[in-house]
Amino acid sequence: MSDENITNVPDQKGAGLQVLVVDDSAMVRLVMQSILTTDRRISVKTAADPLSAWAKMQKHPPDVVITDLEMPRMDGLTFIRKIMLERPTPVVVCSGLAAHGTEHALRALEEGAVEVITKPKVGVREFLHESAVILLDAVWSASQAQIRPRPLAVMPRLTADAVLSRKGKSHMSAATNGVIAVGASTGGTEALRVFLTALPTDSPPIVIVQHMPEVFTRAFAERLNRECSVEVEEARNGDRLQTGRALIAPGNRHMLVNRDGEELFIQVIDGPLVSRHRPSVDVLFRSVAISIGPTAVGVIMTGMGDDGAQGLSEMKEAGATTIAQDEATCIVFGMPKEAISRGAVDVVVPLDHIASTALKAQNLNAQSKKVQSESAATRDGRESARARGSTSSRS
């Protein structure tokens, strides 16, 4: 079967989605085509390299491009830059799990790709089933993305800090007063960068679920750590939540926050897809609602679907402050919209206001807890004094 013939007739009852799959492996093209065409609204064309793909794009512009990064005749990053410059189209990166590919995949997101997924493995029924869910979700999510013109990169004016830090990041202490919990999906890599780089070193602990495959999350965290004042790491089972530290859920694992007395720690577990995802925002938010309650802040960012909406509602019911990214700054206004429609959101703000809004809410929570603690201490003191007075009068 030739690449030209790998197509599917869209279901006339639904809007047809034109997808172009670009990969130098015939087996990968065939597997991805077989998965995508289970949805009869999708029509698939394939190409073995970017130059062949570009020629097809001129004749039949696709709605979404799925591309590998290491291919003959033109590398994937150059291909993505060309697409964004000359024919802006939503791009989904489909890459393996090798460390080399991981760094390139993150660069692809910076160049304008909207999603990163792993290549489907052949021959494992369960994996193929999950790959179908993830691949189809990624394609439909990408089709709704608002592709904005990419600004020309401006080289920053560097100081001596680029060679030798004037002072290190602040020492992190155990957190007892609250947490900022964040969930994001499509477009979230850039949204999280904007959010985290705006946080100071003494920020409360941050826990994050970004829908992203395993291995990619570690490289993503390492890259953010180089740019942010707070420490950014991929979460590990048993990690303690600490001031000035952000933990990102590892790909393909659920992340929960648990409490051991005044100490908060991370639990990383396996489990089924929840709200069609692993890690799931709903799982994280629920654990925060249970373990932290009113001193937490929940943030839901750009992404397709409804993962996080239920969990954010549970956080609000537990007394937490809840924040959603506004439609104008979302790549896909899906998850925030669903949370808003459920009444789970206290305030809706643009992306560049989320950090300050979350910090202000966290400060108010801490002050409220201090007032409650002082009131309780005063009440206990009065009761103790009354008890002593009663004892003295009886004497």
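Reading the values: rules and limits
- Residues numbered from 1 in each chain as written.
- Predicted model: local features only at pLDDT ≥ 70, side-chain atom pairs only at ≥ 80, totals over all residues.
- Heavy atoms only, no water.
- Buried < 20%, exposed > 50% of the residue type's maximum accessible area, 1.4 Å probe, protein only.
- Helix = DSSP H or I, 4+ residues; strand = E, 2+ residues; numbered from the N terminus.
- Pairing = 2+ DSSP bridges.
- Contact = heavy atoms within 4.5 Å.
- Polar contact = N/O pair within 3.5 Å; in protein donor to acceptor, adjacent residues only side chain to side chain.
- Arc of directions from axis to C-beta.
- Axes fitted to C-alpha atoms, helices over the stretch in contact; angles between N-to-C directions.

Trainee: Explain the pairing of strand β8 (residues 231–234) residue by residue, including any values.
Mentor: Along any regular strand, the residues point their side chains to alternate faces of the sheet. The two faces of β8 differ: Val 232 and Glu 234 on one face are buried, but Glu 231 and Glu 233 on the other face are not. Both β8 and strand β9 (residues 245–248) contribute to a ladder of four bridges, which runs parallel. Bridging from a neighbouring strand, Val 232 pairs with Ala 246 of β9.

Trainee: Quick rundown of the environment of His 211? Include the residues and the values.
Mentor: Mapping His 211 onto the fold places it in the loop between β7 (206–210) and α7 (216–227). The buried category is assigned to His 211, whose relative accessible area is 8%. In the structure, His 211 is positioned 25 residues away from Thr 186 in sequence and 7.7 Å away in space, judged by C-alpha atoms. For His 211, the residues in contact, after removing those within four places along its chain, are Glu 115, Ala 184, Ser 185, His 277, Pro 279, Val 281, Asp 307 and Met 335. A polar atom in the side chain of His 211 sits 3.5 Å from the side chain of His 277. In terms of polar contacts, His 211 uses its side chain to reach the side chain of Asp 307, at 2.7 Å.

Trainee: Would you mind going over helix α6 (residues 188–197) in detail, with residue names and values included?
Mentor: All of the buried residues in α6 are Gly 188, Thr 189, Ala 191, Leu 192, Phe 195 and Leu 196. The buried residues of α6 occupy one face: seen down the axis, they fall within an arc of 160°.

Trainee: An account of the sheet that holds strand β14 (residues 347–349) is requested, with residue identities and associated values reported.
Mentor: Taken in spatial order, the seven strands make up an open sheet running β8-β9-β7-β6-β12-β13-β14, and their pairing is parallel. Edge positions in the open sheet fall to β8 and β14, since each of these has one partner strand only. Sheet twist, expressed as the mean angle between neighbouring strand axes with direction ignored, is 20°. The strands touched by α6 within the sheet are β6 (180–184), β7, β8, β9 and β13 (321–325), with β7 carrying the most contacts at an inclination of about 165°. Lying over the sheet, helix α9 (residues 309–317) contacts β6, β12 (297–300) and β13, oriented at roughly 155° with respect to β12.

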